[in-house]
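Breakdown of the fold
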Amino acid sequence: MSRGGRHAYGALSVLAAGALVLTGCSKGGSDGGGDEKKQQENAKRQQASIEFGDAAASTGPAAEVPGAKPGGTMEVLQRDSYAHLDPGQIYVSDEGSLASLIHRGLTGYKATSNDGSKHEVVGDLATDSGTTTDGGKTWKYTLKEGVKFQDGSPITSKDVRHSVERLFAPFINQGPTYLQQWLADKPGTAYRGLLKDGPYKGKHLPDSVLETPDQKTVVFHFRTPHPDLPYALAMAGYAVVSQKGDTKQRYDKAPVVTGPYKIQSFKSGKSMVLVKNTNWDPRTDPIRHQYVDRFTFTFNQQYETSTKALLADSGADRTGLSFNNQVDAGNLSKVLKDPSLKSRTVSGYQPYVGQMNINMSHPAMKDRTIREAIAYALPITPFVRAYGGTDAMEVAGGLISPTVSGFDASFDPRGKKKKPAGDPEKARELLKKAGKLNMKLTFGYINTPEGQQYSTAMAAGLKKAGFNVQRQEIPAESYYDQVSKLDNNYDIFHTAWGADWPSASTVIPPLYDGRLIAEGAQNYSQVNDPKVNSEIDRINKITDPVKSAAAWEKLDQYLVKDVVNVVPTGDYKQTQIAGSKVGGLVYDDVLGGIDPRRLYIK
């Protein structure tokens, strides 16, 4: 999933945890009071398995949060407004955090500890996490009694069928595609041929693919085993949509929700108010709470603004926080070193790896020599510094996060960990070789203080190597929508991706499978390499998780070293702060940040 953009885990897979060795990177900024040993343990823990829960584990209500009490209004300060509220279009981290309060799916993640570090995949709307008797080719789910949409109508298997079938419609183009590809048994975007227009012209998936024999039962049929289905179904992108209330494209701004909160008002780019959903029954929900009466969101709050307000801790800010904003770079070191703020802060590794995409659809970028010149020239130091230095991230060598099985800390083909300021001399030599000194390079950047800072300094590094860099700003709210357009103007632009579960099978295929090049899809660099495509198919058939992890890492290294369609930048960490009256504050590994589902006002 993308960050701040797109994802934290929509799910986590049962994989053997590989050995993890984190190396210290060259300093890109401040080095505050972060606990490096604790962060390494955090990263390694996220590689470990999360088990499937049975019916007992899937029974609500959720375990009470110690000290929690109901009532009050909580302020939420967010940098980015929400571009998508339709579950089928949700594949970014901030929208995923919101979805944890308003949407429910067949499965979900239940915290089994009060510190956000232990989880179990359980039945959410379903009675359990799913049953299979043939190794994952057939999965059966039964809906719980008493589950309803916000309008009071019961959730039935017809709604689940509709939720799945509408994912094949052309207008659904921003969310995950695992389930669709598995049902169609097709790679890339070929899955759309299974139900070309979704359910909107009267056609449906055959019972041999998706079976709903009665109001409560849903059966998925796959041609090949997919033992990870319970993890995939826990993603916000596969939450249930009301068949009766489906307004197609308009559903994206006013969905009929199923979670403990509903949307009272939403003014895009300005504000949102969530209030209690009276048709949510806690007895059916083992995951969420409904302590707070009302959440009031204010958008366009940059990291520095929200940090300053929450540090001041006065008025409404005492009951305030941000679901996704992190402590800004200027205050990060101070916050981490101040013991009086410890109870108001949470920190952890995230599954994200940043990368500068090179747009392979542009003719000039098809020259590997030019791409390699960009890779050598690009300075990583400004990016790390913009977000707070090594307390906020580490220089990345590859595309797989320290939280994902197969991570190789030693991989660093262009010496970025040792020379994060870049190698302009080497880059200039390559540009001369290509006969392209002073070539124009359009750099699309996110219009935030951090984006302005790192893009300015990165552009200076590229200019030093001989590029004529033209920066173009992109609004933060629509950033991922803009860079995922097939016909965009940007030669290079930055994105960050986090594994949907800690397997590189949720990193390499969605980002680099050439058959997934499509409007709104996540192959941002538009790379279409035959070897990469064939290796994706081969590795996806490996059932041994250790061998699979090693194969994905080898393919990761081929992309970075030989294809050069992206330049890795940073492995993300995050520190967040809240007001002194916010209770239930924990960093949740699955969400990759504050867990909104357990919050209360002290």
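Below: a short report on this structure. Treat the numbers as computed from the prediction; the structure is a model and nothing was measured.

What follows is about the overall build of the chain. On a plain count of helices and strands, the chain comes out with 15 helices and 21 strands. In terms of overall dimensions, the chain is globule-like: its C-alpha atoms have a radius of gyration of 23 Å, near the 25 Å expected for 602 residues. Considering the chain as a whole, with its 602 residues, one finds that 63% of them fall into the buried category. Partitioning the contacts of the chain with sequence separation of at least 6, the portion at a separation of at least 24 is 76%. Element-wise, carbon and sulfur atoms account for 49% of the exposed surface of the chain, whose accessible area totals about 21500 Å². In the chain, which carries 74 positive and 66 negative side-chain charges, the distance between the mean positions of the two groups comes to 3 Å.

Further remarks concern the nonpolar core. One finds Phe220 and Phe467 to be the most contacted residues of the largest nonpolar core, which totals 128 residues. Per-element accounting of this core gives the leading share, seven residues, to helix α15 (residues 545-563). Ignoring anything within four residues of it in the chain, the contact list for Phe220 reads Leu106, Lys137, Thr138, Trp139, Tyr141, Val164, Leu179, Leu183, Val209, Leu210, Leu229 and Leu233. One finds Leu101, Val292, Leu585 and Ile601 within the second-largest nonpolar core, a separate group that totals 26 residues.

This next bit is on the pairing of strand β12 (residues 345-358). Counting buried positions over the 14 residues of β12 gives 13, a clear majority of the element. The sheet contact formed by β12 and strand β17 (residues 566-577) spans nine bridges and is antiparallel. Residue pairing in the sheet places Met356 in a bridge with Val567 of β17. In the sheet, β12 pairs with strand β16 (residues 492-498) via seven bridges, with the strands oriented antiparallel.

Between side chains of opposite charge, a pair can form as their charged atoms come close. Scanning the entire structure with this criterion turns up 23 salt bridges. In this structure, Lys244 and Asp151 form a salt bridge, with 3.7 Å as the shortest nitrogen-oxygen distance. Of the two residues, Lys244 sits in the loop between α5 (229-233) and β8 (261-267) while Asp151 sits in the loop between β5 (138-142) and α3 (157-165), which places them 93 residues apart along the sequence. On the basis of relative accessibility, which here comes to 64%, the residue Lys244 falls in the exposed class.

Conventions and cut-offs
Residues numbered from 1 in each chain as written. Predicted model: local features only at pLDDT ≥ 70, side-chain atom pairs only at ≥ 80, totals over all residues. Heavy atoms only, no water. Helix = DSSP H or I, 4+ residues; strand = E, 2+ residues; numbered from the N terminus. Rg over C-alpha atoms; globule rule 2.2 N^0.38 Å. Buried < 20%, exposed > 50% of the residue type's maximum accessible area, 1.4 Å probe, protein only. Contact = heavy atoms within 4.5 Å. Areas by Shrake-Rupley, 256 points an atom, 1.4 Å probe, with all protein chains shown as cover. Lys, Arg positive; Asp, Glu negative; His and termini not counted. Charge placed at Lys NZ, Arg CZ, Asp CG, Glu CD. Core = buried A, V, L, I, M, F, W, Y, C linked by side-chain atoms within 4.5 Å. Pairing = 2+ DSSP bridges. Salt bridge = Lys/Arg side-chain N within 4 Å of Asp/Glu carboxyl O.

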